[in-house]
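Summary of structural features
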Amino acid sequence: RPDGGPAVRRLADWDRETLEELAAEHGTPLYAFDPARVRENCRRLHGAFPGADIQYAAKAHTARRTLKAVHDEGLGIESASAGEVRRALDAGIPGADVTYTAVNPPAQDLDAVVAAWRSHPDLTITAGAADTIDRLAERGFDGRLRLRVNPGVGAGHHEKVVTGGHPKFGVALDRAPDLAARAAEAFEFAGIHAHAGSGISGEDLADHRELVRRMGELARELEADGIPVETVDVGGGFGVPYREDAPPLDLDAVAEATREALGEVDATLAIEPGRYVVADAGVLLTRVNTVKEALGTVVAGVDAGMTTLLRPAMYDAYHAVRNLGGDTSGREQVGVTVAGPVCETADLLCENRPLPRPERGDLLTVGNAGAYGYEMASTYNSRPRPAEVTVDGDLLRRRETLADVSRLDAPGESSRRSDE
Ligand code: LLP
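Residues numbered from 1 in each chain as written. Predicted model: local features only at pLDDT ≥ 70, side-chain atom pairs only at ≥ 80, totals over all residues.

Let's talk about the site of the ligand
In the vicinity of the ligand, 21 residues are found, and the nearest of them are Ala57, Ser198, Gly236, Gly274 and Tyr372. Its residues placed into classes, the shell around the ligand shows eight nonpolar, nine polar and four charged. Both domains that furnish three or more residues to the shell around the ligand are identified here as domain 1 (36-273) and domain 2 (280-405). (Near = placed C-beta within 6 Å. Nonpolar A, V, L, I, M, F, W, Y, C, P; charged D, E, K, R; others polar. Domains from an automatic or database assignment.)

Concerning helix 3 (residues 64-72)
For an α-helix, the turn length of 3.6 residues means that residues three or four places apart are oriented alike. Looking at helix 3, one finds that the buried residues are Thr66, Leu67, Ala69, Val70 and His71. Buried positions along helix 3 lie against helix 2 (35-48), strand 2 (53-57), strand 3 (76-79), helix 4 (82-90) and helix 10 (275-278). Immediately downstream of helix 3, the backbone of glycine 74 shows phi near 90 degrees, a positive value. (Buried ≥ 20, exposed ≤ 12 C-beta atoms within 10 Å, placed from the backbone. Helix = DSSP H or I, 4+ residues; strand = E, 2+ residues; numbered from the N terminus. Contact = placed C-beta atoms within 7 Å.)

With respect to the UniProt feature "domain: Orn/DAP/Arg decarboxylase 2 N-terminal" (unreviewed entry) in the protein chain
In the numbering used here, UniProt assigns the "domain: Orn/DAP/Arg decarboxylase 2 N-terminal" (unreviewed entry) feature to residues 37-279. Segment residues 37-279 splits into 41% helix and 16% strand. End C-alpha atoms: 10 Å apart. (UniProt positions renumbered as here; feature names shortened; annotations may be inferred.)

Overview of the environment of serine 382
Considering the arrangement of structural elements, one finds serine 382 in the loop between strand 16 (363-366) and strand 17 (387-390). Here the alpha-carbon distance between serine 382 and aspartate 404, two residues 22 residues apart in the chain, equals 9.4 Å.

So, the UniProt feature "modified residue: N6-(pyridoxal phosphate)lysine" (unreviewed entry) in the protein chain
As annotated in UniProt, the feature "modified residue: N6-(pyridoxal phosphate)lysine" (unreviewed entry) corresponds to Lys59 in the numbering used here. Inspection of the secondary structure puts lysine 59 in the loop between strand 2 and helix 3. Judged by local crowding, lysine 59 falls into the buried class, with 20 C-beta atoms found within 10 Å.

Let's talk about the pairing of strand 14 (residues 333-339)
With four bridges connecting them, strand 12 (residues 297-302) and strand 14 associate as parallel partners. When the bridges of strand 14 are listed, valine 298 appears paired with valine 336. Where strand 14 and strand 15 (residues 348-356) come together, six bridges link them in antiparallel fashion. Its bridge partner lying in strand 15, glycine 335 is registered against proline 354. (Pairing = 2+ DSSP bridges.)

A word on the packing of helix 6 (residues 130-138) against helix 7 (residues 176-186)
As a packed pair, helix 6 and helix 7 sit with axes 11 Å apart at the nearest point and diverge in direction by 10 degrees. Between helix 6 and helix 7, the interaxial angle falls into the category roughly parallel. Across the interface between the two elements, Ala130, Ile133 and Ala137 from helix 6 touch Leu179, Arg182, Ala183 and Ala186 from helix 7. Partitioned by chemical class, the residues of the contact of helix 6 with helix 7 number six nonpolar, no polar and one charged. (Axes fitted to C-alpha atoms, helices over the stretch in contact; angles between N-to-C directions. Parallel < 35°, antiparallel > 145°, perpendicular 65-115°, else oblique.)

Structure, rendered in structure tokens:
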């Protein structure tokens, strides 16, 4: 599969000069993104899962260019909200290639998606509760519906991203046949869905296999009850190596385990990878503005923090860090804590990491920032969100300005004097 590229792209594989130029031109913090790598990742997925319906989980990276690239590569778009559905349709993705996975959907989301369905009647909605099914019917929806099942088994890189087995998601396996029968009566029943969690590694393969096995069993049970199952969607979650020395996920092994565990079904296999498609297509660039030594570590203060890349603060996630600054070859390796500008102790990109001794002005790159990086950025501490550009220098999302910070505030209050 020459066009699928290497199985993994490490931080050292990014062209240093390109990154330095981007940072000089666009400023930092800056997300740099490579749509060509997205395409390679899509092709490797197709190679491992031939014939499968592959839906890109848009929440990992929603830039319009990404949605278009993955769709060009033959993937559908799995959306987690009305906003993501809108992004997909605005990008020109046909409704037939868009699914909406409703999790406790707010009324506004159901209203908007049902309205979108009226003009795109081929789109698919995945419901994970009897209430959602009722609320869709109340809105006159009778289109394509998938039933989200909780198979009672899950996996993931952190407890906060394990979905299978958590009561929040999907309907219990033993309730599924009843609800599927109801769905088949009221809607165009489009199959069953489950998602184990996010960041599944080779070690989690047994859990993934068990989830798929239970889904295969359910599909056969429904078929036996006279309910045809168009698709068995076993979710996303394929992990990527965040540590530079960790091996990539063996996608072929995952695919083989999936097919074997699914068994004979008269249905199309669907998967919903997000992270795998975009993680190694993006890096974060951040500039060192402060260097100090304190309590046994060297602290490198940088302009990116938890508002730029939340994953380390939220999941203690490891991201590789490389110092591109000048000539670092002669510098000694020291333990470096990379700390952002937010007034929270959790605002660290890494702690006590062996790195060349940092100097003010150094440019750092943070790896695997393409998935859940920009997407989870916030404006906490009234920090404008960063810009995101492609490696060719095209703007994906402009940098927010200080004027943007207060743009949602109600007008007038600033003129009211506090002593009135
Ligand atoms: N399908 C469903 C229904 C999902 O909820 C998710 C992710 C995916 C597919 C895609 O999972 P992936 O292939 O990207 O692992 N913010 C966290 C990840 C949360 C994932 C939530 N759901 C992180 O940065 O690790």
